[in-house]
Amino acid sequence: MDSPIRLLIVAADPLVRSSLAVLFEETSDCEVAYSTSPATFLSTGPDNPQPANADLLLWDLGWEAGNLEGLDFRDLDLPVLSLVANDD
């Protein structure tokens with residue numbers, strides 16, 4: 001069996017963070033490496049040691065789709081998947 005995909009979950013709402021963690025932990029293909037708020041994640045920036053052991057950054061934008069403006073994730077060296085409230 002291949003190793004599971006290790007997720008770094010970033011969401012402002014603690015309920016969303018924990019729900020996403022439970023949802024992905026229930027699958028055998030995923031494992032939550034770390035879960036945090038955007039403020040904590042951004043305050044430590046790309047130098048944060050936690051993302052180093054993740055395979056994918058899952059960022060819940062919630063209702064504020066502008067959260068990612070001006071952010072540069074290229075320094076993270078991992079794919080970013082953002083969850084948005086609508087298609088726009």
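To be clear, the structure that these remarks concern was listed above.
Here is a short report on the structure shown in this document. Note that the structure is predicted; figures quoted are calculated from it, not measured.

1. Quick look at the pattern of salt bridges
Right, on to step 1. Enumeration over the complete set of coordinates arrives at 1 salt bridge.
Right, on to step 2. Glu 31 is the salt-bridge partner of Arg 6, the closest N and O atoms lying 2.1 Å from each other. Taken together, the positions of Arg 6 in strand 1 (residues 5-11) and Glu 31 in strand 2 (residues 30-36) put the pair 25 residues apart, joining distant regions of the chain.
Right, on to step 3. When its relative accessible area of 29% is taken as the criterion, Glu 31 is described as partly exposed.

2. Looking at the pairing of strand 1
One face of the sheet, then the other: side chains in a regular strand alternate in exactly this way.
Right, on to step 1. Along strand 1, 5 of the 7 residues are buried, which leaves the element largely enclosed by surrounding structure.
Right, on to step 2. Inspection of the sheet shows strand 1 paired to strand 2 by 6 bridges, in the parallel sense. Following the sheet pairing, Leu 8 is matched in strand 2 by Tyr 34.
Right, on to step 3. Each parallel crossover has a hand, and the one from strand 1 via helix 1 (residues 14-25) to strand 2 is right-handed.
Right, on to step 4. Where strand 1 and strand 3 (residues 56-60) come together, 5 bridges link them in parallel fashion. Residue pairing in the sheet places Val 10 in a bridge with Trp 59 of strand 3.

3. Concerning the sheet that holds strand 2
Right, on to step 1. The parallel open sheet is built from 4 strands, whose spatial order is 2-1-3-4. In this open sheet, the two edge strands, each paired with only one partner strand, are strand 2 and strand 4 (80-83). Averaged over all adjacent pairs, the angle separating strand axes in this sheet is 25 degrees, with direction ignored.
Right, on to step 2. Relative to strand 4, strand 3 runs parallel, the two sharing 4 bridges. Considered in strand 4, the bridge of Trp 59 is made with Ser 82.
Right, on to step 3. The sheet contacts of helix 1 involve strand 1, strand 2, strand 3 and strand 4, and relative to strand 2 the element is tilted by about 165 degrees.

Each value, and the rule that gives it
- Residues numbered from 1 in each chain as written.
- Predicted model: local features only at pLDDT ≥ 70, side-chain atom pairs only at ≥ 80, totals over all residues.
- Heavy atoms only, no water.
- Salt bridge = Lys/Arg side-chain N within 4 Å of Asp/Glu carboxyl O.
- Helix = DSSP H or I, 4+ residues; strand = E, 2+ residues; numbered from the N terminus.
- Buried < 20%, exposed > 50% of the residue type's maximum accessible area, 1.4 Å probe, protein only.
- Pairing = 2+ DSSP bridges.
- Right-handed = clockwise from strand over helix to strand, strands pointing away.
- Axes fitted to C-alpha atoms, helices over the stretch in contact; angles between N-to-C directions.
- Contact = heavy atoms within 4.5 Å.

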